[in-house]
Amino acid sequence: MNDSQQDSTTPIVTLEKVNKYFGSLHVMQDIDLEIAAGEVVVIVGASGSGKSTLIRCVNGLEEFQSGRIVVDGNELTPYGKGGKSLQTIRTEVGMVFQQFNLFPHLSVHANVTLAPVKVRGLNNTKAREIADRLLERVGITDQADKYPSQLSGGQQQRVALARALAMEPRLMLFDEPTSALDPEMIGEVLDAMRELANEGMTMMIVTHEMGFAREVADRVIFVHDGRIVEQGSPQEVFDRPQHERTQAFLSRVL
Ligand code: ADP
Ligand code: MG
């Protein structure tokens, strides 16, 4: 980490003129974006507008073709040539996906302790302590010895959150974390995310939960066809959208 070189005004995430193509499809077009420490940014936009691609680029899950991405002082260069930076970024950035992606053959507890032991090199006792604390925090303590398939979707997603937090990330990325959940389970996952936001975690969240976005977002970014078309406070973007694309999108989802 490069904490010593950074002060509180240094963004945690910087994208400069980032362009990405899938073949001839230009999915990120000159994206400029800075995210401050502790900021909660919600990304909205129609299906296919490039939201997932944007956040996947931030932790090096997708290559890009031009521009630069810097995450907590670690630079990712085009075409995935991140080298050591890429490895560092992956340990510093936690991600929660729409599909929970838990390891099916491991208990809930083992899902949470695996990476801290294997990647961070913690001893088992320390990793257990962290897992116990995080599972309690997301309200899963009594399920710790079960396997993922024995849990509800909402419980699995809370385990996925605990697993990501066990790496003590500097930044958390969420890609539609509640889209695969039955309606009655959405609230429990959003509650856990809201708590994390209140604790000061830096978060980039793709979601269609507009009420949640309005409540927790410091900034809402509207993406259309690979471009950031409009951004601002939730009030600015949701109540007074300036761009016709934003207006059309909101009229469909609100
Ligand atoms: P969103 O998350 O906003 O729905 P995505 O970032 O997933 O959008 O996708 C943006 C565009 O890129 C879409 O047109 C999608 O079909 C395309 N796309 C996404 N992933 C790939 C891929 N691996 N190969 C080719 N095209 C892709
Ligand atoms: Mg997506």
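Residues numbered from 1 in each chain as written. Chains lettered and ligands numbered in written order. Predicted model: local features only at pLDDT ≥ 70, side-chain atom pairs only at ≥ 80, totals over all residues. Heavy atoms only, no water.

The protein chain has the name Amino acid ABC transporter ATP-binding protein in an unreviewed UniProt entry, where Chromohalobacter beijerinckii is given as its organism. Turning to the protein chain, the UniProt record has this under Sequence similarities (unreviewed entry): "Belongs to the ABC transporter superfamily." Check the Subcellular location (unreviewed entry) section of the UniProt entry for the protein chain; it says "Cell inner membrane". (UniProt positions renumbered as here; feature names shortened; annotations may be inferred.)

**Observations concerning the sheet that holds strand β4 (residues 66-71)**
Across the sheet, 4 strands lie side by side as β2-β1-β4-β5; this open sheet has antiparallel pairing. Both edges of this open sheet fall to β2 (25-35) and β5 (74-76), since each of them pairs with a single strand only. The average undirected angle you get between the axes of adjacent strands in this sheet is 25°. Sheet topology places strand β1 (residues 13-22) next to β4; 5 bridges connect them, and they run antiparallel. Directly across from Val13, in β4, lies its bridge partner Val71. Relative to the sheet, helix α1 (residues 51-58) contacts β1, β2, β4 and β5, its axis offset from that of β1 by approximately 125°. Seen against the sheet, helix α2 (residues 84-92) touches β4 and β5 and runs at an angle of roughly 115° to β5. (Pairing = 2+ DSSP bridges. Helix = DSSP H or I, 4+ residues; strand = E, 2+ residues; numbered from the N terminus. Axes fitted to C-alpha atoms, helices over the stretch in contact; angles between N-to-C directions. Contact = heavy atoms within 4.5 Å.)

**Re the sheet that holds strand β9 (residues 219-224)**
Here 6 strands make up an open sheet; going across it, the order is β6-β7-β8-β3-β9-β10 and the pairing mixed. The outermost strands of the open sheet, each flanked by one partner alone, are β6 (93-96) and β10 (227-232). The mean angle between the axes of side-by-side strands here comes to 20°, regardless of whether they run parallel or antiparallel. Across 4 bridges, the pairing between strand β3 (residues 40-44) and β9 is parallel. Considered in β9, the bridge of Val41 is made with Arg219. Sheet strands in contact with α1 are β3, β6, β7 (171-175) and β8 (202-206), and its direction is about 155° off that of β7.

**Things to note about the layout of surface pockets**
Looking at the largest pocket, its volume works out to about 500 Å³. Considering the residues around the largest pocket, the lining is formed by 18 residues, among which Arg90, Val93, Met95, Ala115 and Met167 are closest to the centre. Where the lining of the largest pocket is concerned, the elements lending two or more residues are α2, β6, α3 (108-118) and α5 (153-165). Residues of the lining of the largest pocket, tallied by class, amount to 11 nonpolar, 5 polar and 2 charged. Reported here for the second largest pocket is a volume of approximately 180 Å³. (1 Å grid on protein atoms, 1.4 Å probe; cavity = no way out; pocket = protein on both sides within 12 Å on 5 of 7 lines; lining within 4 Å. Points joined across faces, edges and corners; volume = space filled by probe spheres on them. Nonpolar A, V, L, I, M, F, W, Y, C, P; charged D, E, K, R; others polar.)

**Examining the packing of α5 against helix α6 (residues 183-198)**
The N-to-C vectors of α5 and α6 enclose an angle of 20°; their axes lie 8 Å apart at closest approach. What the angle tells us is that α5 and α6 run roughly parallel. Two packed elements cross with a definite hand, and for α5 against α6 that hand is right-handed. Of α6, the residues touching α5 (which contributes Gly153, Gly154, Gln155, Gln157, Arg158, Leu161 and Leu165) are Met185, Glu188, Val189, Ala192, Met193 and Leu196. Looking at side-chain class alone, the contact of α5 with α6 contains 7 nonpolar, 4 polar and 2 charged residues. (Parallel < 35°, antiparallel > 145°, perpendicular 65-115°, else oblique. Left-handed = near helix turned anticlockwise from the far one by under 90°.)

**Some thoughts on the side chain of Asn111**
Tracing the chain through its elements places Asn111 in helix α3. In terms of polar contacts, Asn111 uses its side chain to reach the backbone carbonyl oxygen of Leu106, at 3.1 Å. Apart from the residues lying within four places of it in its own chain, the contact partners of Asn111 are Leu102, Phe103, Leu106, Pro148 and Arg163. (Polar contact = N/O pair within 3.5 Å; in protein donor to acceptor, adjacent residues only side chain to side chain.)

**Observations concerning the pattern of salt bridges**
Under the counting rule described, the total for this entry stands at 15 salt bridges. In this structure, the salt-bridge partner of Glu195 is Arg137, at a minimum N-O distance of 4.0 Å. Here Glu195 is found in helix α6, whereas its partner Arg137 is found in helix α4 (residues 124-137), with 58 residues between them in sequence. As a salt-bridge pair, Glu215 and Arg194 come within 2.5 Å of each other at their nearest N and O atoms. Here the residue Glu215 occupies a position in helix α7 (residues 210-216), and Arg194 occupies one in helix α6, the gap between them amounting to 21 residues. Here the salt bridges do not stand alone but share partners, grouping Glu16, Arg68 and Glu75 into one network. (Salt bridge = Lys/Arg side-chain N within 4 Å of Asp/Glu carboxyl O.)

**A word on the site of ligand 1**
In the neighbourhood of ligand 1, the contacting residues comprise Phe22, Leu25, Val27, Ala46, Ser47, Gly48, Ser49, Gly50, Lys51, Ser52 and Thr53. Of all elements in the fold, only β2 and α1 reach the threshold of two or more residues within the shell around ligand 1. If you tally residues by element for the shell around ligand 1, the top one is α1, at 3 residues. (Near = heavy atom within 4 Å.)

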